[in-house]
Amino acid sequence: MTLIDTRTPDAKRLIPGATGDWEIIIGLEVHAQVISEAKLFSGASTAFGAAPNANVSLVDAAMPGMLPVINEECVKQAIRTGLGLKAQINHKSVFDRKNYFYPDLPQGYQISQFKQPIVGEGTVIVSVGPDRQGEFEDIEVGIERLHLEQDAGKSMHDQHPTMSYVDLNRSGVALMEIVSKPDLRSGDEAKAYVTKLRTIMRYLGTCDGNMDEGSLRADVNVSVRRPGGEFGTRCEIKNMNSIRFIGQAIDFEARRQIAIIEDGGKIDQETRLYDAVKGETRSMRSKEEAHDYRYFPDPDLLPLEFDQAYVDALAKELPELPDDKKARLISSLGLSTYDASILVSEKSVADYFEKVAAGRDGKLAANWVINDLLGQLNKVGKDIENAPVSPDQLGAVIDLIKDGTISGKIAKDLFEIVWNEGGDPRALVESRGMKQVTDTGAIEKAVDDVIAANPDKVEQARAKPTMAGWFVGQVMKATGGKANPQAVNDLVKAKLGIE
Amino acid sequence: MSVDLQTVKRVARLARIAVSEEDAERMTGELNAILGFVEQLNEVDVSGVEPMTSVTPMEMKKRQDVVTDGSKAADIVANAPATEENFFLVPKVVE
């Protein structure tokens with residue numbers, strides 16, 4: 001592939017070295033496990049966490065005479081993902097054998113796609129940020145290709161002094177390898193890109209993005225160069241399964257390469273591993289021949305062909321994607337870009353928000369979901385799926401504010417009660433006497449009491465009208481926060497005779 | 001295109017096939033004879049001709065996304081030289 005530079009060097013992304021500034025060039029290969037019941041070429045289950053070799057058919061174990069038959073759902077998932085990446089869908093693609101020798105690869109080759117992948121070039125818009133000013137910056141990342149391939153089995157090396165244990169449950173599970181163009185320029189951009197890919201696939205339901213279970217892994221290609229200069233030699237950091245570590249590994253690797261070049265050395269193209277404990281990358285010292293894959297078309301499989309009608313039918317069923325949802329939240333609900341970006345970043349958050357916002361004030365709903373719900377979830381380390389307050393309950397709290405039953409301040413208390421104890425917000429307001437006092441008589445009495453008790457403050461306030469705020473505060477305190485703040489404010493000013 | 005002894009040995013090693021020095025020399029000759037035939041085939045002008053993938057036009061056979069296989073771990077490892085709790089055991093491989 002010819003490398004094309006799509007971006008202009010930007011001073012804020014450069015990193016300083018001893019001899020001047022450097023630019024980091026990053027490209028990623030993301031391996032995303034396809035959501036399917038059965039494997040790519042066999043009828044064995046893809047379920048995670050089964051007993052050793054329980055989800056293995058004779059095809060996955062590469063017994064002689066076994067033939068692969070493709071799972072059509074995996075093909076559809078790859079097309080859906082390609083559509084989500086605004087990519088070209090190739091009506092004809094070919095499966096090839098990628099030959100290498102390893103105990104967790106019983107066939108001795110991985111069925112993959114080499115020259116003719118199912119999905120070609122596409123584009124992903126990635127929001128990087130927020131920065132210190134709370135701003136997001138959109139960058140465009142090119143997709144080189146997406147192809148379907150088999151996953152390998154799993155080896156365990158720590159069970160026995162001289163033997164490795166091999167479990168083939170994962171062998172033959174469908175993966176989508178998504179290759180980006182070298183369009184990323186910092187660890188933060190790479191993290192935002194992987195996050196965005198994961199979000200898109202979760203919206204589409206094509207990959208669960210669960211990095212702990214290995215459903216999403218990335219190989220990261222890093223090189224450095226003088227800003228806008230020739231591309232440098234790259235190193236590939238293999239098998240990253242945490243977004244945070246991807247950022248750390250890139251930062252370390254870039255500094256390592258800069259140090260070598262500035263010392264007059266040169267970078268060897270090699271494969272490296274990131275050690276999260278030491279926070280460094282190190283050479284895998286793989287033999288060079290490991291990369292001599294001797295690809296050739298798999299004679300067991302015909303080319304994969306379908307027509308545009310097949311693609312159109314899948315396109316019609318596609319759910320709303322994060323970028324479209326974000327645009328809709330901004331244009332139809334009037335949300336800020338910042339709020340909309342946060343709400344669409346996880347499908348589960350967006351779903352929750354849309355339930356709360358249905359038939360209500362979108363901005364108010366966004367404030368409550370982002371500041372109160374997400375803030376609280378973040379504090380206690382819970383996912384939105386396990387939120388103690390349901391969208392209906394939060395919606396009811398917002399309705400109570402809107403119809404003037406409770407003040408915004410009391411609503412915070414009510415939210416906390418619902419969070420801790422559950423229950424119907426409307427009933428709670430009744431049973432705990434949290435209703436806002438709008439009865440002017442009662443408020444008037446409270447205002448009179450405060451004025452009577454503080455003659456000196458009254459004098460001060462007449463001289464300095466901003467002192468009125470102190471009276472409002474005292475009245476609010478006296479009424480347990482239940483008085484309507486606007487009514488109190490008006491009454492205080494009237495009684496003190498200030499404007 | 002032709003191959004030398006070195007290439008033959010490397011290809012054998014990549015495929016994990018034990019080939020003796022003597023055999024490797026003989027095979028170099030054999031492989032070059034085959035490559036000679038291929039060279040002859042390469043003289044035919046096939047520009048604009050779709051590669052043939054099957055003799056009669058066929059569509060790729062596909063399966064439904066249904067679990068129909070598995071749950072036979074004991075069968076899977078039955079022929080393995082060493083196993084434990086249905087894991088395959090192989091001489092330690094650590095990168």
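Everything that follows concerns the structure shown earlier in this document.
Residues numbered from 1 in each chain as written. Chains lettered and ligands numbered in written order. Predicted model: local features only at pLDDT ≥ 70, side-chain atom pairs only at ≥ 80, totals over all residues. Heavy atoms only, no water.

Let's shift gears to the pattern of salt bridges. Between side chains of opposite charge, pairing is possible as soon as their charged atoms come close. Residue and element names in this part refer to chain A. For the structure shown, the criterion picks out 48 salt bridges over all chains. R328 is the salt-bridge partner of E354, the closest N and O atoms lying 2.9 Å from each other. Linking E354 in helix 7 (residues 347-357) with R328 in helix 5 (residues 322-333), this pair joins segments that are 26 residues apart in sequence. Exposure remark for R328: the relative accessible area of 30% places this residue in the partly exposed category. Residues joined in a network through salt bridges with shared partners are R7, D10, K12, R13, E137 and E189. (Salt bridge = Lys/Arg side-chain N within 4 Å of Asp/Glu carboxyl O. Helix = DSSP H or I, 4+ residues; strand = E, 2+ residues; numbered from the N terminus. Buried < 20%, exposed > 50% of the residue type's maximum accessible area, 1.4 Å probe, protein only.)

The interface is formed by 39 residues belonging to chain B together with 47 residues belonging to chain A. If you sort the residues of chain B by the area they bury against chain A, M60, R63 and D65 of chain B come out on top, with a joint share of 19%. In this assembly, chain B and chain A are joined by 2 salt bridges. Its salt-bridge partner being R10 of chain B, residue D292 of chain A comes within 2.4 Å of it at the nearest N-O pair. The tally of links from chain B across to chain A stands at 21 residue pairs in polar contact (both at pLDDT 80 or more). Of all the secondary structure elements, the ones that give two or more residues to the side of chain B that touches chain A are helix 1 (5-14), strand 1 (62-63), helix 3 (73-76) and strand 3 (87-91) of chain B. It is strand 3 of chain B that provides the largest number of residues to the side of chain B that touches chain A, a total of 5 residues. Partitioned by chemical class, the residues of the side of chain B that touches chain A number 17 nonpolar, 7 polar and 15 charged. (Contact = heavy atoms within 4.5 Å. Buried area = accessible area lost by both parts, 1.4 Å probe. Polar contact = N/O pair within 3.5 Å; in protein donor to acceptor, adjacent residues only side chain to side chain. Nonpolar A, V, L, I, M, F, W, Y, C, P; charged D, E, K, R; others polar.)

Residues and elements named next belong to chain A. In spatial order, the strands read 6-5-16; together these 3 strands make up an open sheet with antiparallel pairing. For this open sheet the edge positions go to strand 6 (109-112) and strand 16 (296-297), each flanked by a neighbour on one side alone. In the sheet, strand 5 (residues 96-99) pairs with strand 6 via 4 bridges, with the strands oriented antiparallel. The residue bridging N99 from the neighbouring strand is Y109, located in strand 6. (Pairing = 2+ DSSP bridges.)

Take helix 5 of chain A next. Residues and elements named next belong to chain A. In this model helix 5 runs 15 Å from its N-terminal to its C-terminal C-alpha over 12 residues, within 8% of the 16 Å that 1.5 Å per residue would give. The set of residues buried in helix 5 consists of P322, K325, K326 and L329. Along the axis of helix 5, the buried positions cluster into a sector of 100°, meaning they face one direction only. Looking at the packing, one finds that the buried side of helix 5 touches strand 7 (122-128), strand 8 (137-150), helix 2 (187-204), helix 6 (337-344) and helix 7. (Expected span 1.5 Å × (residues − 1). Arc of directions from axis to C-beta.)

Our next topic: the nonpolar core. Residues and elements named next belong to chain A. L28, I118, Y193 and L373 are the most contacted members of the largest nonpolar core, which totals 107 residues. By residue number, the principal contributor to this core is helix 2, which donates 9 residues. Apart from the residues within four sequence positions on either side, L373 is in contact with Y352, W368, I384, A387, V389, F415 and W419. Counting 19 residues, the second-largest nonpolar core is a separate cluster that includes I451, M467, M476 and V488. (Core = buried A, V, L, I, M, F, W, Y, C linked by side-chain atoms within 4.5 Å.)

This part is about unusual backbone geometry. A positive phi is found at A62 of chain A, a non-glycine position, where the angle reads about 60°. Topologically, A62 of chain A is positioned in the loop between strand 2 (20-33) and strand 3 (70-71). Phi is positive for S71 of chain B, which is not a glycine, with a value near 55°. Within the secondary structure, S71 of chain B is located in the loop between strand 1 and helix 3. Judged by its relative accessible area of 70%, S71 of chain B is exposed.

So, about the packing of aromatic side chains. For any pair of aromatic rings, geometry is given as the distance between the ring centres together with the angle between the planes. Residue and element names in this part refer to chain A. Tallying each qualifying case throughout the model produces 11 aromatic pairs over all chains. Consider the rings of F245 and Y274, whose centres lie 5.9 Å apart with planes at 50°: the pair is tilted. Taken as a pair, F245 in helix 3 (residues 243-262) and Y274 in strand 14 (residues 271-275) lie far apart in primary sequence, 29 residues in all. Three or more aromatic residues joined by ring pairs make a cluster, and in this case those are Y100, F114, Y293 and Y295. (Phe/Tyr/Trp six-rings, centres within 6.5 Å; stacked < 30°, edge-to-face > 60°.)

A separate point is the side chain of E29 of chain A. All names here are of chain A. Mapped onto the elements of the fold, E29 is located in strand 2. Buried within the structure, E29 lacks any salt-bridge partner; K238 is the closest side chain of opposite charge, at an N-O distance of 5.3 Å. Here the side chain of E29 touches N221 through a polar contact of 3.5 Å, side chain to side chain. Ignoring sequence-local partners within four residues, the contact set of E29 consists of E177, I178, V179, R217, A218, D219, N221 and E236. (Lys, Arg positive; Asp, Glu negative; His and termini not counted.)

A few words on helix 3 of chain A. Residues and elements named next belong to chain A. Compared with the 28 Å implied by 1.5 Å per residue over 20 residues, the 29 Å span of helix 3 between its first and last C-alpha is a close match. Taken together, the buried positions of helix 3 are occupied by I243, I246, G247, A249, I250, E253, A254, R256, Q257 and I258. Where helix 3 begins, the capping side chain belongs to S242, and its oxygen is found 3.3 Å from the backbone nitrogen of R244. Of the residues flanking the end of helix 3, it is G264, one or two places downstream, whose phi is positive at about 90°.

Residue and element names in this part refer to chain A. Residue placement: R234 occurs in the loop between strand 12 (216-225) and strand 13 (235-240). The class for R234 is partly exposed, based on a relative accessible area of 39%. Sequence spacing of R234 and V220 is 14 residues, and the spatial spacing of their C-alpha atoms is 9.7 Å. The residues touching R234, leaving out its near neighbours within four places in the chain, are N221, V222, S223, D268, Q269 and E270.

With that out of the way, let us pick up the packing of helix 2 of chain A against helix 3 of chain A. In helix packing, the relevant descriptors are the interaxial angle and the interaxial distance, both defined with respect to the helix axes. Residues and elements named next belong to chain A. Where helix 2 contacts helix 3, the axes come no closer than 8 Å and their chain directions differ by 155°. One finds that helix 2 runs roughly antiparallel with respect to helix 3. Considering the relative orientation of helix 2 and helix 3, their crossing is right-handed. Here G187, A190, K191, V194, T195 and R198 of helix 2 lie close against helix 3, whose contacting residues are I243, R244, I246, G247, I250 and D251. Here the contact of helix 2 with helix 3 is composed, by residue class, of 5 nonpolar, 3 polar and 4 charged. (Axes fitted to C-alpha atoms, helices over the stretch in contact; angles between N-to-C directions. Parallel < 35°, antiparallel > 145°, perpendicular 65-115°, else oblique. Left-handed = near helix turned anticlockwise from the far one by under 90°.)

Moving on to the packing of helix 7 of chain A against helix 9 (residues 391-402) of chain A. All names here are of chain A. In contact at an axis separation of 8 Å, helix 7 and helix 9 are set at 40° when each is read in the N-to-C sense. One way to sum up the angle between helix 7 and helix 9 is to call them oblique. The two elements helix 7 and helix 9 meet at a crossing, and its hand is right-handed. On the side of helix 7, the interface is formed by Y352, K355 and V356, while helix 9 contributes P391, L394, G395 and I398.

Moving on: the sheet that holds strand 9 (residues 154-156) of chain A. Spatial strand order, 9(A)-10(A)-3(B)-2(B): 4 strands in an open sheet with antiparallel pairing. The strands lining the two open edges of the sheet, one partner per strand, are strand 9 of chain A together with strand 2 (83-84) of chain B. Sheet topology places strand 9 of chain A next to strand 10 (residues 163-167) of chain A; 3 bridges connect them, and they run antiparallel. When the bridges of strand 10 of chain A are listed, S155 of chain A appears paired with V166 of chain A.

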